[in-house]
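Structural overview for review
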Amino acid sequence: MRLRVFCACLAARASRAVLRLLGRGGTALPGKVALRICPELLAQLSRGVQTVLITGTNGKTTTTRMLCAMYDGLGLSYFTNRSGANLASGLAATYLDNATLTGRPKCARAVIECDEGALRQVSGRLHPAVIVVTNVFRDQLDRYGEVTHTLGSIRAGILAAPEAVVCLNADCSLTASLAGDVPNPVRFFGLNVPCEASAAGVSDAPRCIRCGGAYRYRYHTYAHLGGFYCPDCGYTRPEPDTAVTELTALRPDGSTARFRCGDEEFSAELSLPSVYNVCNAAAALCATGALGLPVRRAAETLGGVRAGFGRMEILPVGRHEARIILVKNPAGCDRALDYLATIPGDFLPVFCLNDKTADGTDVSWVWDADYERLIARGVIREALVYGTRAGDMRLRLKYAGLDDARIRCAESLDALMQQMRQADKPVYLLPNYTALLEVRERIAADSGSKKFWE
C-alpha cells in the first residue's frame, strides 16, 4: 500500500506540473490519475485530518468559503478545494496537495465542498468530523433525477460516516427529514423569520415526505423553505440550534442579521448580499459550533468573506464592473432575480445558457424561474443572451413579457465581450456552469484577474 500511495502521489504531481505548464488548472485530472493507481488513496491521505464536508444542491461553495474565513479568523490552519472541484477526483487532488510523497498530511484540518452525488463515494473514506447539508433542490434532472434521488445519495453518504456530526437545514423539509434516518448526532440551522422580499417560486417539495399530505407554512423564506408543517402526520420544521432571529438589513452589497447559537445571541455583518447567503452563514456557524469552536468570534469574520468563483464575484469589464451570479436551477435563479430586484438604477442583465454535460442537457428549468415579476415591474428592461441555448433563453424572456426588440443575442464570445465592454451601465452576468467557466476565463484574461483555481 505504501508503494502505491507513493506512486500515486508522484504521478499526480507530475501530471499537475504538466497541466500548469499548459496553462490549465489541474484541479481534477491529477486526482483521477492517482485514484487509478491507488483506489484507496482518499482513505490513506485523510488519516489524521479533521475534515468538514459541505454538500447540498445550492450554497456549497459560499458556505465553504465562510467556514474557511472563520478558521482564518480563529487562527486555525487548514486546506480546502478552493477551485470548487468537488467530485472524488477533485477531492483526491486536494488531499494530494496537502500530502508528502509518502502520503503524510501536512495540515490536520480540511474544509471540503463535496458534490451531493459524490458524497456516498467519499464520506466513508474521509471519516469527516462534520457533514453540513445546505439544502436539496431539483437540479440537473438528467444527472440527479428527482429530488428524492439526490436525498437518497446524501443519506447514503451520511450513513457511511456514522461518527460525523450532521448539520441540517431546518427550513428544508427534505434535508431536515434526514435526521430520522441516520444514527449520527444532528444539529439544525435555519431562519426563524420570513423573507418578504423573496418570491416563494415553484416548490420542489409541496407534499410531506413521510405521508404525502400537503405541507402548510407558518412563514416562507424562499422556494419550499420555511416554517413547514404537515397537518396530516405532524412532521414539522425542527427548532434550529443555530438560528437567524432577525434580518436587520438586506442590501445590494451585503446584509446584517442577528443569530442565536445555543445560549449566545449576537448581530453580524455579512459582506455578501441576499437572504440565501444569510442561510449559508448560519450553516457555517452551525459547523463551527459542532466543532466546539467559539461561534461569536467566528461570526465576526463574515464581514470580510470574499465572493467565491462565480458566486456574487465582481470583475472589471470595460468602464464598469460585472457581478457574476451562477444560476443552475429554478430555486437558485429565483434568488438571483430577487437580488436583481434590489439593484438601484439601470443595469444590463446578461443571461448565458449552455446545455453541455456539466450543465445538464435539459435546460427546461428556465421556464420555472420567475422572470415575469421582474419584467412586469420594469426591473429588467433589456437583456443580452449568449450560449449554446441562447435562442431558448431569448424565447423564455420574450414569453415572460420582455419586448423581443430589447433582447440582443451575442453570437460569439468576442461579440459578448464587446457588447459588455460597450455597456454604459453596470453588468450583471447570470451564467450556468460551463458558460461561467468560459465567460469568466475570458473576463479574467482581459482584466488580468486571477484564474478561478488561484
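The model shown is predicted, which means the values in this text are computed figures rather than measured ones.

Concerning the overall build of the chain
The number of helices and strands found in the chain is 16 helices and 17 strands. With respect to the three principal axes, the spread of C-alpha positions in the chain is 65 × 60 × 40 Å. Taken over 454 residues, the chain has a buried fraction of 57%. Contacts in the chain between residues at least 24 apart in sequence constitute 69% of all its contacts with a sequence separation of at least 6. With an accessible surface of roughly 17,900 Å², the chain has 50% of that area assigned to carbon and sulfur atoms.

So, the pairing of strand β5 (residues 165-169)
Of all 5 residues that make up β5, 5 are buried, and the element is covered over most of its length. Here β5 shows no split at all, with V165, C167 and N169 on one side and V166 and L168 on the other all buried. When strand β4 (residues 130-133) meets β5, the two strands line up parallel, connected through 4 bridges. Considered in β5, the bridge of V130 is made with V165.

Remarks on the sheet that holds strand β1 (residues 50-55)
An order of β2-β3-β1-β4-β5-β6-β9-β10-β11 is seen for the 9 strands of this open sheet, with the pairing classed as mixed. A single partner strand is all that each edge strand has here, and the edge strands are β2 (79-80) and β11 (264-270). Here strand β10 (residues 254-261) pairs with β11 via 7 bridges, running antiparallel. Residue pairing for β11: S255 is matched across the bridge by L270. Sitting on the sheet, helix α4 (residues 60-73) is in contact with β1, β2, β3 (109-113) and β11, with an inclination near 160° to β3.

Digging into helix α2 (residues 29-37)
Every buried residue of α2 is accounted for by P30, G31, A34 and L35. Here the buried residues of α2 occupy an arc of 130° about the axis, which is enough to place them on one side.

A word on the side chain of T242
Along the chain, T242 falls in strand β9 (residues 242-251). Exposure remark for T242: the relative accessible area of 5% places this residue in the buried category.

Some words on helix α6 (residues 119-126)
Each turn of an α-helix holds 3.6 residues, which means side chains three or four residues apart point in the same direction. By the burial criterion, the buried members of α6 are L119, V122, S123 and L126. Within α6, the buried residues cover an arc of 110° as seen down the axis, which keeps them to one side. Packed against the buried residues of α6 are α3 (41-45), β1, α5 (88-97) and α8 (147-159). The positive-phi residue at the C-terminal boundary of α6 is H127, with phi of around 45°.

Thoughts on the environment of W365
In this fold, W365 is placed in the loop between β14 (348-352) and α13 (371-376). Accessibility expressed as a relative area gives 9% for W365, which makes it buried. Considering only alpha carbons, one finds W365 and A93, 272 residues apart in sequence, at a separation of 32 Å. Excluding anything up to four places from it in sequence, W365 contacts V327, K328, N329, P330, C333 and L353.

Brief notes about the packing of aromatic side chains
Following the criterion strictly, the structure yields 11 aromatic pairs and no others. Aromatic pair F137 and Y222: ring centres 6.3 Å apart, planes at 25°, arrangement stacked. Pair noted here: F137 is in the loop between β4 and α7 (141-144) and Y222 is in strand β7 (residues 216-222), with a separation of 85 residues, a long-range link. Across the pair, Y222 and F137 agree in class, each one buried. Each ring, one from Y215 and one from Y235, has its centre 6.4 Å from the other, and the planes form 55°; the classification is tilted. Taken together, the residues Y215 in the loop between β6 (186-191) and β7 and Y235 in the loop between β8 (225-229) and β9 connect sequence positions 20 residues apart. Owing to a relative accessible area of 9%, Y215 belongs among the buried residues under this scheme. For Y235, a relative accessible area of 6% puts it in the buried group.

Things to note about the pattern of salt bridges
For the structure on display, the rule yields 25 salt bridges. Of the charged contacts, one joins E269 and R251 as a salt bridge, the two residues approaching to 3.2 Å between their closest N and O atoms. Residue E269 is located in strand β11, and its partner R251 is located in strand β9; the two are separated by 18 residues in the primary sequence. The class of R251 is partly exposed, set by a relative accessible area of 30%. One salt bridge connects R442 with D414, and the closest N-O pair in it is separated by 2.8 Å. With R442 in helix α16 (residues 433-447) and D414 in helix α15 (residues 413-421), this pair connects stretches of sequence that are 28 residues apart. Judged by its relative accessible area of 48%, D414 is partly exposed. Shared partners join several salt bridges into a network, and the residues in it are D346, R381, E382, R408 and K425.

Things to note about the environment of T100
Tracing the sequence through the fold places T100 in the loop between α5 and β3. C-alpha of T100 to C-alpha of G262: the two residues are 162 residues apart in sequence and 39 Å apart in space. If sequence neighbours within four positions are ignored, T100 has contacts with C9, R13 and K106.

Conventions adopted
Position labels on residues start from 1 in each chain and follow its written sequence. Since the coordinates come from a predicted model, pLDDT governs what is reported: local features require at least 70, and pairs of side-chain atoms require 80 or more to be given and counted, while whole-chain, interface and lining totals use all residues. Side-chain measures were taken over the full set of non-hydrogen atoms in the model, leaving aside hydrogen atoms and water. What counts as a helix is a DSSP run of H or I of at least four residues, what counts as a strand is a run of E of at least two, and both are numbered from the N terminus. Three exposure classes are used, based on accessible area relative to the maximum for each residue type with a 1.4 Å probe and protein chains only: buried under 20%, partly exposed in between, and exposed over 50%. Any two residues whose heavy atoms approach within 4.5 Å at even a single point are treated as in contact. Per-residue and other accessible areas follow the Shrake-Rupley method at a 1.4 Å probe size, with only the shown protein chains counted as cover for residues. Strand pairing is defined by DSSP finding a minimum of two bridges between the two strands. Only the stretch in contact is used when fitting a helix axis, every axis being a line fitted to C-alpha atoms; angles between N-to-C directions are given from 0 to 180 degrees. Arc, as used here, means the arc of the directions from the helix axis to the C-beta atoms. Here a pair means two rings of Phe, Tyr or Trp (six-membered ring of Trp) with centres within 6.5 Å. Their orientation is stacked below 30 degrees between planes, edge-to-face above 60, and tilted elsewhere. We define a salt bridge as a contact between a side-chain nitrogen of Lys or Arg and a carboxyl oxygen of Asp or Glu at a distance within 4 Å.

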